[in-house]
Amino acid sequence: MSLAYGRPYLAIPGPSTMPDRVLQAMHRGAPNIYQGQLHEMVAGILPDLRAVAGTAGNVAIYIGNGHAVWEAANLNLFSRGDKAIVLVTGRFGLGWATAAAAVGVNVVSVDFGLRSPVTMDRVEEALRAHPDAKAVLVTHVDTATSVRNDVAAVRAVMDTVGHDALLAVDCIASMGCDEFRMDEWGADVAIAASQKGLMVPPGLGFIWFSEKAHERSLGNDLRTPHWDWTPRAKVGYFHDHFNGTAPTHHLYGLRESLNMIAEEGLEAVWKRHDTLARTVWAAFDAWSAGNPQIGLNIEDEAHRGRAVTAARLGAPHATRLREWTEGKAGVTLGIGLGMADPTDPAYHGFLRVAHMGHVNAHMTLGALAVMEAGMIALDIPHGPGALAAAAAVVAQGA
Ligand SMILES: *Cc1c(COP(=O)(O)O)cnc(C)c1O
């Protein structure tokens, strides 16, 4: 017997749930790419993208995923042999560092482990030890550990030290979910991808960059024509935006998702994610009472991402529960990424619950109730009262 037949819910941290409005906007024939409505639409998308990132700076759109914009950022930010300080707080920080090293950037990794945010004492130490670093790369919300880093504090340390490096931020998990203010917080570069908070299928990557970052990029010898951000952002001809054919249907979807964000209001979007995140945390707090094998990965609420929650359930219960919720109830939870090697039995103790993008109270409460049903069915020991606690957070936040 399965109760999964109905609308499935993919509660993983990307691709996130796509709104019907976005899908319907994409369902059309190919437009004229040479003139007319598509050109006007893209001209209107650019200021809305700037608003979502909180910047008056430049924005470049790439056909690609998050890995593509990691690489695009690296190629624009560095010449071969240039030094980067990469602040690593989980799998995704590691990924950006690896991508940079692979193209010949001299990477200094500062690793904070899997359960801690970036701490400013170690940032200061690294800045002082490497005055020649050209950029500091940091992940805003690391989707694997669900840690949220304080970007403004990193900028403040750079200013205190008087370090001249650029500050580049991976906002792939956080853009359109967690509060992010690029200009106010002093970030020079931010990157994102379409399939997370922006609610569009995978396939678009974005880089926002300041004028200062642009000027410094001009002589960098890693820049190649396709990844060069200059023609994409400072466009002469329409097709320069994309270095070729525009990703027409993704752009229709993006137009609609940006409309939805504007209708709700960006601050309300952040608040909704914050409340839904707290709903999930409240359930875990109750489940973990008297059950130390259950718990959230990040202790300090201020340093928890609002788009995804990484948790432990004790091996092999996380994998058993994920299989149960998908097979029996139509809810797919995220795997525990980067917390243990998949060949290690400990791997089966970790999972992630996404609350990213087009998600509302009934979806999050439903996912939590299904998780509790699975724990009962599978005899996974857990504390009582989780669903009432989760409902109370929704009642208070709504
Ligand atoms: C998803 C994600 C990436 C990788 O994006 P892909 O589209 O899978 O290449 C990188 N960084 C963060 C923080 C992410 O959440």
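Up top you'll find the structure we're talking about.
Heads up: these notes are all about the structure in this document. All of these numbers come straight from a predicted model, not from anything done at the bench.

## Thoughts on the pattern of salt bridges
Then step 1. Evaluated as defined, the whole model comprises 21 salt bridges.
Then step 2. The shortest N-O distance in the salt bridge between E301 and R278 comes to 2.8 Å. One end of the pair, E301, is in the loop between β11 (295-296) and β12 (308-312); the other, R278, is in helix α11 (residues 266-288), and 23 residues separate them in sequence.
Then step 3. Residue class for E301 comes out partly exposed when judged on its relative accessible area of 37%.

## Examining the layout of surface pockets
Then step 1. Taken as a whole, the largest pocket holds about 610 Å³ of empty space.
Then step 2. Around the largest pocket sit 32 residues that line it, and R7, Y9, T17, H358 and M363 are the ones nearest its centre.
Then step 3. Of all the elements in the fold, those that place two or more residues in the lining of the largest pocket are β1 (9-11), α1 (20-26), α10 (248-264), α11 and α13 (361-377).
Then step 4. Examining the composition of the lining of the largest pocket, we find that five residues originate from one element, α13, more than from any other.
Then step 5. A per-class count over the lining of the largest pocket returns 17 nonpolar, eleven polar and four charged.
Then step 6. If you count residues domain by domain, the lining of the largest pocket takes at least three from each of domain 1 (9-16 + 265-397) and domain 2 (31-263).
Then step 7. Put simply, the second largest pocket is a space of about 170 Å³.
Then step 8. Together, 13 residues line the second largest pocket, and G66, H67, F92, I172 and K196 are the ones closest to its centre.

## A word on the site of the ligand
Then step 1. As a matter of local geometry, the ligand sits amid 13 residues, with G66, H67, T143, Q195 and K196 nearest to it.
Then step 2. Within the backbone of G66, an N or O atom sits 2.7 Å from an oxygen atom of the ligand.
Then step 3. Here Q195 contributes a side-chain N or O atom positioned 2.7 Å from an oxygen atom of the ligand.
Then step 4. For the ligand, whose accessible area on its own is 380 Å², the fraction buried by protein is 90%.
Then step 5. When atom positions are compared with the pocket grids, the ligand is found to occupy the second largest pocket.
Then step 6. With three residues, helix α3 (residues 66-77) is the largest single contributor of residues to the shell around the ligand.
Then step 7. Looking at the shell around the ligand, its residues break down into five nonpolar, six polar and two charged.

Rules used throughout
- Residues numbered from 1 in each chain as written.
- Predicted model: local features only at pLDDT ≥ 70, side-chain atom pairs only at ≥ 80, totals over all residues.
- Heavy atoms only, no water.
- Salt bridge = Lys/Arg side-chain N within 4 Å of Asp/Glu carboxyl O.
- Helix = DSSP H or I, 4+ residues; strand = E, 2+ residues; numbered from the N terminus.
- Buried < 20%, exposed > 50% of the residue type's maximum accessible area, 1.4 Å probe, protein only.
- 1 Å grid on protein atoms, 1.4 Å probe; cavity = no way out; pocket = protein on both sides within 12 Å on 5 of 7 lines; lining within 4 Å.
- Points joined across faces, edges and corners; volume = space filled by probe spheres on them.
- Nonpolar A, V, L, I, M, F, W, Y, C, P; charged D, E, K, R; others polar.
- Domains from an automatic or database assignment.
- Near = heavy atom within 4 Å.
- Polar contact = N/O pair within 3.5 Å; in protein donor to acceptor, adjacent residues only side chain to side chain.
- Areas by Shrake-Rupley, 256 points an atom, 1.4 Å probe, with all protein chains shown as cover.
- Sits in = over half its atoms within 2 Å of the grid points.

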